[in-house]
Amino acid sequence: MLSYALRRLLAIIPVMVVVALVVFSLLYFSPGDPALVLAGETATPEEIARIREALGLDRPYLVRLTEWSLGILHGDFGDSIFFGRSVAELMAQRAMPTLWLSLLAMIFALVLALPLGIIAAWQVGRAPDRLAMGFAVVGYSLPVFVLGYLLIFAFSVWLGWLPVQGYKPPSDGLWPFLSHLILPALTLGVVYAALIARITRSAMLDVLRQDYMRTARAKGLGLWPMLLRHALKNAAIPIMTIVGIGFGSVISGVVVTETVFNIPGIGRLTVDAILRRDYPVIQGVVLVLSGVYVLINLVVDLSYGLFDPRIKY
Amino acid sequence: MALLHVDNLSTSFKGRKGEVLAVDRMSLQIDKGETLAVVGESGCGKSVTALSVMRLLPEPLGRISGGSIRFEGKDLATLTERQMRRVRGREISMIFQEPMTSLNPALTISRQITETVRLHLDLDAAGVRQRALEMLELVQIPEPARRLTQYPHELSGGMRQRVMIAIALACDPKLLIADEPTTALDVTVQAQILDILRDLSSRQNMATMLITHDLGVVAEMAERLVVMYAGRMVEQGKVAEVLSGPRHPYTAGLLGAVPKLGSSLTAGPRKALAEIPGTVPLVRAPQTACAFAPRCPLATDQCRTELPPVVQIGGSHLSACWRTEDVPGMAIGAAS
Ligand SMILES: Nc1ncnc2c1ncn2[C@@H]1O[C@H](COP(=O)(O)OP(=O)(O)OP(=O)(O)O)[C@@H](O)[C@H]1O
Ligand SMILES: [Mg+2]
């Protein structure tokens, strides 16, 4: 188990190298010049050239790539062109709101999706199933920003229960913290929940037809021990897989959600960086988020052994 | 009074092409401690009868549409699901044909035995574990303590079926329904499993409804025999009586050549049911004639138009045939 985990961890390195290469090259060769943005509308060509030189933007591709890669090995993602501060520092500063947001979104998604999927499978073809799957289709196809504005309109503007926008750290008290996060986390979690609910339903349907479920009923077990102890554990692997893969939807959703709800997190940092052509920041963020995604999927893979005793590492 | 009295049971399934009457006014009785064998060709409704008694039909597609299932005074057909849960695993247990897939692959053997015990018996944690261990010993599983911590995939088919028996008998049920418990196992393992079943049922004074295709098993294990055809009882009686003197042409056909009574289970070739030309018809409405008539060498116009009544041939020997008097003289199925 431990050696398997280590091997898998090592296997992440080539993946990250490729990601780094792609990210760097894409941005390098994409149109748009940060020096132009920095210099402003009225800058003369000389001024722009001076800025390019000062930022090192005029040096060749390979030199910059090597420099950047070597820095990352030391945890140095370079400096932000716009802020003039280290990218690592910027990301660390913005990490917490995003972490809380995605954690809460994940919890919402699981709390919503698992019961929906389980009940839909148990009541397959009947009203609860149709309702749950209807929700899943709507949740999956509604754009994140539309859902975000709808929720803001309903709960903040109309009912006045929750703040419209902004972020408060946990140190400001539990309710201010949570009340600012509920709507964004819901917004972010719904697509994820729709994904998980559908897989949960199909995995449970598959399990419910198995002979051992008939045995469980023949023992006199009640509904919940049957669904949870006997069925869910056997359905866990496809569910965990989609929890891992679907986390991509959370990462991409973070950008829009933080913008809609004005949360100073990694997502906003990314949007701003893109608008300002702040390449080092974009590169750093993409690299770190890819790392998070890969790691989460590694944890998911390692969790399989918990659910299926036939899996040995 | 019988322990289980299935009376005029009808069970139907909704299908794409309309309803199928898998069991059509079926009756049978099992006394306390008695072993009743149920035989019949594939598709004649044996499993559906058993599942109806356990109320394990795939509702709402399959449902009991008539009759009663009286067990110790209560009618199982009308119990609520909640009431039925106290019967399953406690009063009536069931083991299935497929040992490879009937245990939950994700739970330990210990978990799968103890959950039944915990559910139905009032024992403390140590008592529950003790009971699980004891059951594994009773079904003659070597190294029971180690087996408890294992998962089904670490056990062979024969061992898994022993575990199924251990689970089924853990709460001392009054009735065990065994639906072809050895069909999926190889011959030597079959004999061991049957020995264990017979031994435990007499030790716990438990009644058994044994569904089988194997007349050798019937002769060895059962006191009485019910023969089913197209969802109905066609003949029943003491095993010796029915096997040596069948009084329904269908039974006579199944026997083909009757196995010698008392022949050992392990020695010699075993007797499967004989082939009868034709197939079991799919029944869609309550039968109004003898369903076997199209395949029966003795069939008359009466057989084809009127449902034969159940007649008593002597003692407990019953037959549902218009021509039951003529069966002993039939060319096929002569008794040895
Ligand atoms: N789940 C089901 N859905 C629809 N019809 C069913 C279902 N189960 C059984 N039936 C019908 O009931 C009839 C009797 O089936 P049953 O399983 O009781 O036969 P059996 O006597 O146990 O046969 P076998 O010896 O093959 O086990 C079948 O022919 C089939 O038409
Ligand atoms: Mg069957």
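Remember, predicted model here, so these are calculated numbers, not experimental data.

Caption draft 1: Region of interest: the domain arrangement of chain A. Residue and element names in this part refer to chain A. As far as domains go, chain A holds domain 1 (2–73) and domain 2 (94–144 + 189–307). Contact with domain 1, which involves 20 residues of that partner, is made by 14 residues of domain 2. On the domain 1 side of the interface with domain 2, the three residues burying the most area are Arg8, Met16 and Leu27, jointly 31% of the side's total. Seen at the junction of domain 1 and domain 2, the total is one salt bridge. The shortest N-O distance in the salt bridge between Arg8 and Asp301 comes to 2.6 Å. Connecting domain 1 to domain 2 are two residue pairs in polar contact (both at pLDDT 80 or more). At the level of secondary structure, the elements contributing two or more residues to the side of domain 1 that touches domain 2 comprise helix H1 (2–29), helix H2 (34–39) and helix H4 (61–73). Examining the composition of the side of domain 1 that touches domain 2, we find that twelve residues originate from one element, H1, more than from any other. Tallied by class, residues from the side of domain 1 that touches domain 2 come to 16 nonpolar, two polar and two charged.

Caption draft 2: Main features of the layout of surface pockets. Considered as a void within the structure, the largest pocket measures approximately 1100 Å³ in volume. In terms of lining, the largest pocket is formed by 27 residues, of which the most central are A:Trp122, A:Arg217, B:Leu57, B:Pro58 and B:Glu59. Those elements that place two or more of their residues in the lining of the largest pocket are helix H5 (87–122), helix H8 (174–208), helix H9 (211–218) and helix H10 (223–260) of chain A together with helix H2 (81–87) of chain B. With four residues, H9(A) is the largest single contributor of residues to the lining of the largest pocket.

Caption draft 3: Representation of the site of ligand 1 within the structure. Residue and element names in this part refer to chain B. Close contacts around ligand 1 come from 15 residues, with Ser42, Gly43, Lys46, Ser47 and Val48 the closest. Between ligand 1 and Gly43 there is a distance of 2.8 Å, counted from an oxygen atom to a backbone nitrogen or oxygen. Take His213: an N or O atom from its side chain is 3.1 Å from an oxygen atom of ligand 1. Protein contact buries 66% of the 630 Å² of open area that ligand 1 shows by itself. Elements supplying a minimum of two residues to the shell around ligand 1: strand E2 (18–30) and helix H1 (46–54). Ranked by the residues each element gives to the shell around ligand 1, the list is headed by H1, at three residues.

Caption draft 4: Quick look at the pattern of salt bridges. On inspection of all chains with the given rule, the structure shows 27 salt bridges over all chains. Measuring nitrogen to oxygen at the nearest pair gives 3.4 Å for the salt bridge that ties A:Glu89 to A:Arg85. Taking the shortest distance from any N to any O, the salt bridge between B:Arg224 and B:Glu34 comes out at 2.6 Å. Of this pair, B:Arg224 sits in strand E9 (residues 224–229) while B:Glu34 sits in the loop between E2 and strand E3 (35–39), and the two are 190 residues apart along the sequence. Of the two residues, B:Arg224 and B:Glu34, neither departs from the other in class, the shared state being buried. Among the charged side chains, a salt-bridge network with shared partners connects A:Asp211, A:Arg214 and B:Glu98.

Cut-offs applied
Residues numbered from 1 in each chain as written. Chains lettered and ligands numbered in written order. Predicted model: local features only at pLDDT ≥ 70, side-chain atom pairs only at ≥ 80, totals over all residues. Heavy atoms only, no water. Domains from an automatic or database assignment. Contact = heavy atoms within 4.5 Å. Buried area = accessible area lost by both parts, 1.4 Å probe. Salt bridge = Lys/Arg side-chain N within 4 Å of Asp/Glu carboxyl O. Polar contact = N/O pair within 3.5 Å; in protein donor to acceptor, adjacent residues only side chain to side chain. Helix = DSSP H or I, 4+ residues; strand = E, 2+ residues; numbered from the N terminus. Nonpolar A, V, L, I, M, F, W, Y, C, P; charged D, E, K, R; others polar. 1 Å grid on protein atoms, 1.4 Å probe; cavity = no way out; pocket = protein on both sides within 12 Å on 5 of 7 lines; lining within 4 Å. Points joined across faces, edges and corners; volume = space filled by probe spheres on them. Near = heavy atom within 4 Å. Areas by Shrake-Rupley, 256 points an atom, 1.4 Å probe, with all protein chains shown as cover. Buried < 20%, exposed > 50% of the residue type's maximum accessible area, 1.4 Å probe, protein only.

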